[in-house]
Amino acid sequence: LFGNQRIGIGSDGIGTKAELAERTGIYHTLGYDLVAMVADDLIAVGFEPTNLSNVIDVDFLDPEIIEHLMKGLSEACNFSGITITGGEIAELGNRIGGYGEKMHFNWSSTAIGVLPDELTEGIDGSHVKPGQLVFSMKSRGFRSNGFSSVRRIMQENFGDQWHKVSYDNNLTWGEVLLTPSLIYAPFITELIKNKVELTGIAHITGGGVFDNFRRVLKVNNTGAKLDHLFEPLAFMKKVQEMGNVSNEDAYLWWNMGNGMLFIADEKYEKAILEKAEQMQYECKVAGSITA
């Protein structure tokens, strides 16, 4: 609590997805992954993200790569309505490793959010009850989670140069796996400010659908029937197939096409779906809450 304003804070990083940029030479999309990890964690408990600071640890400094990273971060923060209020670049020599001969790096951030005036408390699942609807928001790809498993599967199937192998006529595997995260916070914030009462929100990150959504359900010891989730994207299914990964493991490791789940009473269904279409997000009713 800061004065009369409730403040939330969260920290995260892009993990080993950084290696995809080192392999492909494409750096400007990672800002979306960095922002998504912290912004969507904050909005998952009702806090509108407002400010972000970031730290890049490098082995040696490459100003051109840093410029591309900052360009993406700026675009992602503009998309999300977040102000970049600080940052640090630390040159750590051989403490930092990675792929290839160019600059290697780790990237993390901390974001601050405020509780919107429309809320008197954070969204923690305490108002979830049977009969409410579960909505899913479609993801573009693996977001920034489970890449250690993805990279292992790629290495086993294609060898060390897997990122150069063609996925289709337009993209290599390196490019398709680098697909940037879609940031959901602006949409959820808009719902809250339009007085749509959300009772629970799960950002589907490490731990997949099962672990992340369970955190919301366990508060009131409810269950859920999820019979209409988004299907995994085609390249997700291909990775699962190449790695001989069971459905049980796949839905624990990855989001499998569903980047965020949230819960609301049925009376809000029309308003939610109309707002999603207006803001160009793919959202649908994925199931319902059970006893």
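Residues numbered from 1 in each chain as written. Predicted model: local features only at pLDDT ≥ 70, side-chain atom pairs only at ≥ 80, totals over all residues. Heavy atoms only, no water.

Caption draft 1: Geometry of the sheet that holds strand β3 (residues 83–91). The mixed open sheet is built from four strands, whose spatial order is β1-β4-β2-β3. Edge positions in the sheet fall to β1 (7–13) and β3, since each has one partner strand and no second. Along the sheet, successive strands turn relative to each other by an average axial angle of 15°, direction set aside. For strand β2 (residues 48–58) and strand β4 (residues 105–114), the ladder comprises 10 bridges, and the chain directions are antiparallel. By the bridge assignment, Val55 is partnered in β4 with Ser108. Sheet strands in contact with helix α3 (residues 63–80) are β2, β3 and β4, and its direction is about 170° off that of β2. (Pairing = 2+ DSSP bridges. Helix = DSSP H or I, 4+ residues; strand = E, 2+ residues; numbered from the N terminus. Axes fitted to C-alpha atoms, helices over the stretch in contact; angles between N-to-C directions. Contact = heavy atoms within 4.5 Å.)

Caption draft 2: Highlighting helix α6 (residues 185–193). The buried fraction of α6 is high, at seven of nine residues. The complete set of buried residues in α6 reads Ala185, Pro186, Phe187, Ile188, Thr189, Leu191 and Ile192. Backbone geometry just downstream of α6 places Lys195 in the positive-phi region, at approximately 65°. (Buried < 20%, exposed > 50% of the residue type's maximum accessible area, 1.4 Å probe, protein only.)

Caption draft 3: Seen up close, the pattern of salt bridges. Counted by the stated rule, this structure contains 13 salt bridges. When the shortest N-O distance is used, the salt bridge between Glu190 and Lys275 registers 3.6 Å. You can see Glu190 sitting in helix α6 and its partner Lys275 sitting in helix α10 (residues 269–278), a full 85 residues away along the chain. Of the residues examined, Glu190 reaches a relative accessible area of 30% and is grouped as partly exposed. Looking at Lys275, the relative accessible area reads 13%, which means it is buried. Salt-bridge contacts for Glu241 lead to Lys238; the nearest nitrogen and oxygen are separated by 3.7 Å. Of this pair, Glu241 and Lys238 both sit in helix α8 (residues 234–242), three residues apart, which is roughly one turn of that helix. Glu241 gets classed as exposed once you look at its relative accessible area, which sits at 53%. Owing to a relative accessible area of 36%, Lys238 belongs among the partly exposed residues under this scheme. Here the residues in one salt-bridge network are Glu19, Arg23, Arg151 and Asp160, joined through shared partners. (Salt bridge = Lys/Arg side-chain N within 4 Å of Asp/Glu carboxyl O.)

Caption draft 4: Here's a closer look at unusual backbone geometry. Residues other than glycine seldom take positive phi values, yet Lys195 does so here, at roughly 65°. Along the chain, the position of Lys195 falls in the loop between α6 and β6 (198–203). Residue class for Lys195 comes out exposed when judged on its relative accessible area of 59%. Of note, the phi angle at Gln280 is positive, near 65°, even though the residue is not glycine. As for its position among the elements, Gln280 is in the loop between α10 and β9 (283–290).

Caption draft 5: Quick look at the pairing of β6. Burial analysis of β6 places six of its six residues in the buried class, the great majority of the element. In this sheet, strand β8 (residues 258–264) lies alongside β6 in antiparallel orientation, the contact comprising five bridges. Within β8, the position partnered with Leu198 by the bridge is Ala264.

Read these as geometric descriptors, not functional statements.
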